[in-house]
Amino acid sequence: MNLYYAIIGEDVPDSLPRRLAARPAHLERLQTLQDEGRLLLAGPFPAIDSPDPGPAGFTGSLIVAAFASLTEARAWAEADPYVSAGVYAGVEVKPFRKVLP
């Protein structure tokens, strides 16, 4: 049985150019999770109070998806293109229990 896990990536300062370069590969992996019915939600944290932060960029990302184990979720997170591109300063993975809606 798969459980949900929250994957929280924290961006390095001035990550926007690296983030934009790695974004297509990052989204491709998320699309795979969605196609498999495992993605609950995913998106970035804007650096300012705006849906389009422009050059201010983002401070990180949140992904909530189903995996067989915490180990599997961590391995998936560590293989993210944002990790290899140096977008994330660090990634935290925690079990997540959906209550609502």
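Structure shown above.
1. Digging into the nonpolar core
And step 1. Grouped together as the largest cluster of nonpolar side chains are 11 residues: Y5, I7, L30, L33, I63, A65, F67, A73, W76, A77 and V93.
And step 2. Filtering out sequence-adjacent residues up to four positions away, Y5 remains in contact with I63, V64, A65, F67, S69, L70, A73, V93, K94, P95 and F96.

2. What to know about the sheet that holds strand β1 (residues 3–11)
And step 1. The strand order across the open sheet formed by four strands is β2-β3-β1-β4, and the pairing between neighbours is antiparallel. If you trace the sheet from one side to the other, it starts and ends with β2 (39–46) and β4 (88–96), each paired once. Direction aside, the axes of adjacent strands within the sheet are offset by 15 degrees on average.
And step 2. For β1 and β4, the ladder comprises eight bridges, and the chain directions are antiparallel. Across the sheet, A6 pairs through a bridge with K94, a residue of β4.

3. Structural notes on helix α2 (residues 70–78)
And step 1. When we look at burial in α2, the residues that qualify are A73, W76 and A77. In an axial view of α2, the angular spread of the buried residues amounts to 100 degrees, which keeps them on one side of the axis. Of the exposed residues in α2, the ones pointing more than 90 degrees away from its buried face are T71 and E78.
And step 2. If you follow the buried residues of α2, they end up packed against β1, α1 (16–35), β3 (58–67), α3 (81–84) and β4.

Cut-offs applied
- Residues numbered from 1 in each chain as written.
- Predicted model: local features only at pLDDT ≥ 70, side-chain atom pairs only at ≥ 80, totals over all residues.
- Heavy atoms only, no water.
- Core = buried A, V, L, I, M, F, W, Y, C linked by side-chain atoms within 4.5 Å.
- Buried < 20%, exposed > 50% of the residue type's maximum accessible area, 1.4 Å probe, protein only.
- Contact = heavy atoms within 4.5 Å.
- Pairing = 2+ DSSP bridges.
- Helix = DSSP H or I, 4+ residues; strand = E, 2+ residues; numbered from the N terminus.
- Axes fitted to C-alpha atoms, helices over the stretch in contact; angles between N-to-C directions.
- Arc of directions from axis to C-beta.

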